Amino acid sequence: MDQRLLRHQFDNGLVLLGEHMPWLRSSAFSFLLPAGTCFEPMGLDGLSGMCSEMVQRGAGGLDSRQFLERLDELGVERSSSITTSHSSFSCAMPTEVLATVLGLYSDIVRRPHLPEDQLPDARQLCLQELRALDDEPSHRCFSELKKFRYPLPFGRISQGSKQGLEAIDMPSLNSFFEQNYKPAGCILAVAGNFNWEHLCEVVEQQLGDWRGPELLGMPVLHSNYGSMHVDHATNQTHLALAYDCASYESSEYYEARALVGVLSDGMSSRLFSEVREKRGLVYSVFATCFSMAGQGSVMCYAGTTTNRAEETLQVLLETIHSLDDGITEDELARLKNRIKSSLVFEQESSAARSGQIASDWFYLGRVPDRDEVCARVDGLTCESLLKHFRENLPKNFSLVTVGSQSLELPEGVA
Amino acid sequence: MELLTHKTDAGPEIVVLHDPAAFTASFGWFVRTGSRDEQLDVAGVSHFLEHMVFKGTQRRTAEEVNRELDHLGAQSNAYTSEDSTVFYASVLPECQDRAVDLLTDLMQPLLREEDFETERQVILEEIAMYDDQPPYGAFERATELFFGEHPLSTRVLGTTESVSDMFVAQMQEYHRARYTKENMFLVASGKIDFGKLVDDVSSATAHWPATPAARRPKVPNYGSGELSIERESTHQHYAVQLWPGVGCNALERYALRLLCSVLADEGGSRLFWELIDTGKAETATLWPQFFDECGCIVGYLCCAPEDAEENEASLRQVIDTALRDGITRKEIDLARNKIASSLILSDERPSNRLFALGQSWMNRRNYEPLDVVLGRFAAVTADDILQVAEHTLRRPSATVRVVGTEE
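The following refers to the structure shown. (Residues numbered from 1 in each chain as written. Chains lettered and ligands numbered in written order. Predicted model: local features only at pLDDT ≥ 70, side-chain atom pairs only at ≥ 80, totals over all residues. Heavy atoms only, no water.)

1. A closer look at the sheet that holds strand E10 (residues 295–303) of chain B
All names here are of chain B.
So, step 1. Read from one edge of the open sheet, 5 strands run E7-E11-E8-E10-E9, paired in mixed fashion. The open sheet has two edge strands, strand E7 (225–231) and strand E9 (283–290), and neither has a second partner. Between one strand and the next, the sheet's axes are offset by a mean angle of 15°, whatever the strand orientation.
So, step 2. In the sheet, strand E8 (residues 237–244) pairs with strand E11 (residues 398–404) via 5 bridges, with the strands oriented antiparallel. Residue pairing across strands places Ala 239 opposite Arg 401, the latter belonging to E11.
So, step 3. Docked against the sheet, helix H5 (residues 138–147) engages E7, E8, E9, E10 and E11, running at close to 150° with respect to E11. (Pairing = 2+ DSSP bridges. Helix = DSSP H or I, 4+ residues; strand = E, 2+ residues; numbered from the N terminus. Axes fitted to C-alpha atoms, helices over the stretch in contact; angles between N-to-C directions. Contact = heavy atoms within 4.5 Å.)

Listed below in structure tokens is the structure:
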């Protein structure tokens, strides 16, 4: 399959990326704006989410209701999300309406009405999402880990805080919009069955004369380590554990990611077999790689009834350290097969592919194609993985527990 | 795309949606058995068995099963519902033989005592996990209140008690009775070698029991009423409400889906504008559930406790207004567009087609291509929708609320 990254750099800073998938009926885009939580002013936690909510309440010539109805008429599946770095909008649609939908989203980012009379409703909606987190201990566990491990401004969560949401007014919202909804640092990634020349013309027309402030630099991240507990009346204790690893930008990211794969990818992975299959300690256990501001972390989760939490933590740590005993040829072969077939599955979804392109561009400033990823994966050996593990032994642990009993990291784990 | 089927007395029915241009191939065993087919003393056995299926066969240990699935690079999983248990794997087309051999072998698990005990702990953790999550068993309680003595009131996971008290012999007996050739379908979609599939499945299943596994349809006496679950320190108020619906083969099902979409879709529905856009509730939605001989509409409301009363009244009013004044042409067109587009986008992936095909085959031994389904939605009129609303939302409902006991 011919795979080529199409790219057009606009002089206002916006980058348009495309990948053609002519076998699909759909197209999808991921539109990343540099308006994530780390750009929120002090004391206004939740402003990026509230701004994202407000820009969708009417834009261009359409009010809030007309806007949603137009998207429904066109048959657009859409979502919006907030991360530390970005506010993003993702849409998948029948390919023939792509240009129209890009026009609508250009209105959202450039000409939102930001109706003052809807500020209280938007605030209520955001407060609802924050409250929901309190009732979801497994999600809350990761939010608390983020807040604990990453000091401000990195540790803010997308839902914000009650005080922050309550302090947001129209001037602060308008100011956040003007400072952060801008072409500099914007990534628009499109995948699917579209015509590239036409797409470039549409985006030029809609966003070519867009102007805004310069992209802000990110402060330096210094992570926080140790243990923290959040008291919560639940049957299970939820553990979230993090330690340092190579970040997505690192030349050794594949080694780090593969080690996490040995721990957590698939039903034959070590965590699944040791914690769940052999001991029946949990229903859910996993590890994943997470990168922020040039720093990587492995993040692990396990949920278990409280009286077995200590044993679960112990087995979790032992399993992580079992990587020091080496990785078997069979484990590595399974991992390679899983990664390679997942690349094929990605070809069936314009939405998945557009998201991956946008993410690669943000972290790497380029988009590796399937051949490059396969070659890098094929190059992994048991020796290279073990070497990487021993040179980068797990350290700088952070542990957060949510439940009715606290846990500490054992002696010697730091 | 081509629909291919195969059935002889010797083997289970094989149903394939072949797409020679696909990059992948998806396979699934669809077993027509679920919590509604259980005796009360083994509540949860279908779901527990779904877990035990991965614990080894005559030819493979549990470790080998897991390793082989990962070797295949498979995206695989299993699920259990009230009326079905499904095991599936999506792989590259060149892995067809190995994937089918593995999935088919799994359907005859060893069910050993030792594995049963370990897995029992996993299921109990799963029950504990869901018990910690909103809406804290409210769906289960509402289902019990609504379906009463009907088998559809049985909880898919069972209860801590029923799972703790179960014996492996009971599971073995359930497996013998329900996992039979007559009660299972091998469903596939994507790039499939059909001839090879028929040969492989036929020979691998030749020794399987062929006894029919009966399911007696029973018309439910829909229950109604209200009850509350008390929870310590719950922050949000949750309400689950069930109304009578229609069965999975009723023609009214298209009208019912449109009705629920107009009233309660995530974006752009009447409840959305009334309660979500205004920030009055976190969630306020309705969706239909279809079973063999009956169905229900499920309503779900989540909001701050102090707004609960007003929001429940608003929900009631949205329903009453629809029953009184009907639905506009424009609303129907929008809902139809939304449903059509989501079906078209979902249909792009062979793995999604597998579930549409498998479910349809289990329900009615028939599969309608996407264009026919879209035509069915197009044919629904405003009168059809009003009529189905009369038969469902006009009737008494069963409501369960979760109430916090702390400030």
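Past the structure itself, the notes keep going.
2. So, the interface of chain A and chain B
So, step 1. With 63 residues of chain A at the interface, the matching set in chain B holds 62 residues.
So, step 2. Between chain A and chain B, roughly 5,500 Å² of surface is buried when both sides are summed, and carbon and sulfur atoms account for 52% of that area.
So, step 3. Taken as a group, A:Asp135, A:Phe345 and A:Glu348 account for 14% of the area that chain A buries against chain B, more than any other trio of residues on that side.
So, step 4. Between the two partners, chain A and chain B, sit 8 salt bridges.
So, step 5. There are 35 residue pairs in polar contact (both at pLDDT 80 or more) connecting chain A and chain B.
So, step 6. Contributing elements (two or more residues each) for the side of chain A that touches chain B: helix H2 (64–74), strand E5 (87–94), helix H4 (119–134), helix H5 (137–149), strand E8 (236–245), helix H10 (270–278), strand E10 (295–305) and helix H12 (329–346) of chain A.
So, step 7. If one sorts the elements of the side of chain A that touches chain B by residue count, H12(A) sits on top with 8 residues.
So, step 8. Looking at the side of chain A that touches chain B residue by residue, the classes come out as 19 nonpolar, 22 polar and 22 charged. (Buried area = accessible area lost by both parts, 1.4 Å probe. Salt bridge = Lys/Arg side-chain N within 4 Å of Asp/Glu carboxyl O. Polar contact = N/O pair within 3.5 Å; in protein donor to acceptor, adjacent residues only side chain to side chain. Nonpolar A, V, L, I, M, F, W, Y, C, P; charged D, E, K, R; others polar.)

3. A few points about helix H8 (residues 196–207) of chain A
Residues and elements named next belong to chain A.
So, step 1. Counted at 1.5 Å a residue, the expected span for H8 with its 12 residues is 16 Å, and the 16 Å between its end C-alpha atoms agrees.
So, step 2. Taken residue by residue, H8 has Trp 196, Leu 199, Cys 200, Val 202, Val 203 and Leu 207 as its buried positions. In a view along the axis of H8, the buried residues occupy a sector of 165°, so they form one face of it. Residues Glu 197, Glu 201 and Gln 205 are exposed on H8 and point more than 90 degrees away from its buried face.
So, step 3. Residues of H8 that are buried in the fold lie against strand E1 (6–9), strand E2 (15–20), strand E3 (26–33), helix H3 (98–110) and strand E6 (187–192).
So, step 4. With a side-chain oxygen lying 3.1 Å from the backbone nitrogen of Glu 197, the N-terminal cap of H8 falls on Asn 195. (Expected span 1.5 Å × (residues − 1). Buried < 20%, exposed > 50% of the residue type's maximum accessible area, 1.4 Å probe, protein only. Arc of directions from axis to C-beta.)

4. Overview of unusual backbone geometry
So, step 1. The omega torsion of the bond from A:Leu152 to A:Pro153 falls at 5°, within 30 degrees of zero and hence cis.
So, step 2. Residues B:Pro134 and B:Pro135 are joined by a peptide bond in cis, for which omega reads 0°.
So, step 3. Checked against the element boundaries, B:Pro135 lands in the loop between helix H4 (113–131) and H5.
So, step 4. A positive phi angle is found at A:Leu114, which is not glycine, with a value near 40°.
So, step 5. Mapped onto the fold, A:Leu114 is located in the loop between H3 and H4.
So, step 6. Phi angles above zero are rare outside glycine, and B:Leu111 is one such case at about 55°.
So, step 7. By the secondary structure assignment, B:Leu111 is in the loop between helix H3 (96–106) and H4.

5. A short note on the side chain of A:Ser143
Residues and elements named next belong to chain A.
So, step 1. Turning to its location among the elements, Ser 143 is positioned in helix H5.
So, step 2. What makes Ser 143 buried here is its relative accessible area of 11%.
So, step 3. The residues contacting Ser 143, other than those within four sequence positions of it, are Leu 133 and Ile 157.

6. Overview of the pairing of strand E2 (residues 13–18) of chain B
Residue and element names in this part refer to chain B.
So, step 1. For E2, a buried count of 6 out of 6 residues is recorded, marking the element as mostly surrounded by other parts of the structure.
So, step 2. Burial of E2 is two-sided: the residues Glu 13, Val 15 and Leu 17 facing one way and the residues Ile 14, Val 16 and His 18 facing the other way are all buried.
So, step 3. Pairing of strand E1 (residues 2–6) with E2 involves 5 bridges; the strand directions are antiparallel. Bridged to His 6 within E2 is Ile 14.
So, step 4. Direction of pairing for E2 relative to strand E6 (residues 184–190): parallel, over a ladder of 6 bridges. Across the sheet, residue Val 16 finds its bridge partner in E6, namely Ala 188.

7. Let's talk about H4(A)
So, step 1. Taking 1.5 Å of rise per residue, 16 residues should cover 22 Å, and H4(A) covers 23 Å from first to last C-alpha, within 8% of that figure.
So, step 2. All of the buried residues along H4(A) are A:Leu119, A:Ala122, A:Arg123, A:Leu125, A:Cys126, A:Leu127, A:Gln128, A:Leu130, A:Ala132 and A:Leu133.
So, step 3. Buried residues along H4(A) sit in contact with helix H1 (47–55), H5, helix H6 (162–167) and helix H7 (170–180) of chain A together with helix H10 (270–276) and E10 of chain B.

8. As for the nonpolar core
So, step 1. One finds A:Phe29, A:Phe31, A:Val101, A:Leu173, A:Tyr181 and A:Leu188 to be the most contacted residues of the largest nonpolar core, which totals 98 residues.
So, step 2. With 9 residues, the single largest contributor to this core is helix H9 (residues 253–264) of chain B.
So, step 3. Each residue touching A:Tyr181, except ones within four places of it in the same chain, is listed here: A:Leu33, A:Ala35, A:Cys51, A:Ser52, A:Val55, A:Ser87, A:Phe89, A:Val109, A:Phe176 and A:Trp210.
So, step 4. Within the second largest apolar cluster, 50 residues are counted, among which are B:Val65, B:Leu102, B:Met107 and B:Val201. (Core = buried A, V, L, I, M, F, W, Y, C linked by side-chain atoms within 4.5 Å.)

9. Brief notes about the sheet that holds E1(A)
Residue and element names in this part refer to chain A.
So, step 1. What the 6 strands build is an open sheet, ordered E1-E2-E6-E3-E5-E4; its pairing is mixed. Either end of the sheet is taken by a strand with one partner, and the two such strands are E1 and strand E4 (77–82). Taken over all neighbouring pairs, the strand axes of this sheet differ in orientation by 10° on average, direction set aside.

10. Overview of the environment of B:Ala213
Residue and element names in this part refer to chain B.
So, step 1. Structurally, Ala 213 is set in the loop between helix H8 (194–205) and E7.
So, step 2. Using a relative accessible area of 16% as the deciding quantity, one classes Ala 213 as buried.
So, step 3. Separated by 35 residues in sequence, Ala 213 and Arg 178 have C-alpha atoms that sit 5.6 Å apart.

11. Considerations on the packing of helix H9 (residues 253–264) of chain A against H10(A)
Residue and element names in this part refer to chain A.
So, step 1. Packing of H9 against H10 brings their axes to within 4 Å, and their N-to-C directions diverge by 30°. One finds that H9 runs roughly parallel with respect to H10. Touching Val 262, Leu 263 and Ser 264 of H9 are Arg 270, Leu 271 and Phe 272, all from H10.
So, step 2. In the contact of H9 with H10, the residues fall into 4 nonpolar, 1 polar and 1 charged. (Parallel < 35°, antiparallel > 145°, perpendicular 65-115°, else oblique.)

12. A few points about the packing of aromatic side chains
So, step 1. On inspection of all chains with the given rule, the structure shows 31 aromatic pairs over all chains.
So, step 2. Ring geometry for A:Phe142 and A:Phe286: centres 6.0 Å apart, planes at 10°, overall stacked. Of this pair, A:Phe142 sits in helix H5 while A:Phe286 sits in strand E9 (residues 285–292), and the two are 144 residues apart along the sequence.
So, step 3. Assessed through its relative accessible area of 23%, A:Phe142 is described here as partly exposed.
So, step 4. On the basis of relative accessible area, A:Phe286 is assigned to the partly exposed category, the value being 32%.
So, step 5. Judged by centre distance (6.3 Å) and plane angle (55°), the ring pair of B:Phe147 and B:Tyr222 falls under tilted. Of this pair, B:Phe147 sits in helix H5 while B:Tyr222 sits in the loop between H8 and E7; the two residues are 75 residues apart in sequence, bridging distant segments of the chain.
So, step 6. According to the relative accessible area criterion, B:Phe147 is buried, its value standing at 3%.
So, step 7. On the accessibility criterion, B:Tyr222 (23% relative accessible area) is partly exposed. (Phe/Tyr/Trp six-rings, centres within 6.5 Å; stacked < 30°, edge-to-face > 60°.)

13. Points about the packing of helix H1 (residues 45–52) of chain B against H4(B)
Between two packed helices, the angle of one axis relative to the other and the distance separating the axes together describe the packing.
All names here are of chain B.
So, step 1. The geometry of H1 relative to H4 is characterised by a closest axis approach of 10 Å and an angle of 120° between their N-to-C directions. Here H1 lies oblique to H4, going by the angle between them. Remark: the crossing between H1 and H4 carries right-handed chirality. Only Asp 115, Phe 116, Glu 119, Arg 120, Val 122, Ile 123 and Glu 126 of H4 make contact with H1, whose side of the interface consists of His 47, Phe 48, His 51 and Met 52. (Left-handed = near helix turned anticlockwise from the far one by under 90°.)

14. Overview of the environment of A:Lys340
Residues and elements named next belong to chain A.
So, step 1. The residue Lys 340 is located in helix H12 in this model.
So, step 2. In sequence terms Lys 340 and Gly 403 are 63 residues apart; their C-alpha atoms lie 39 Å from each other.
So, step 3. Aside from chain neighbours lying at most four places away, what touches Lys 340 is Cys 374 and Asp 378.

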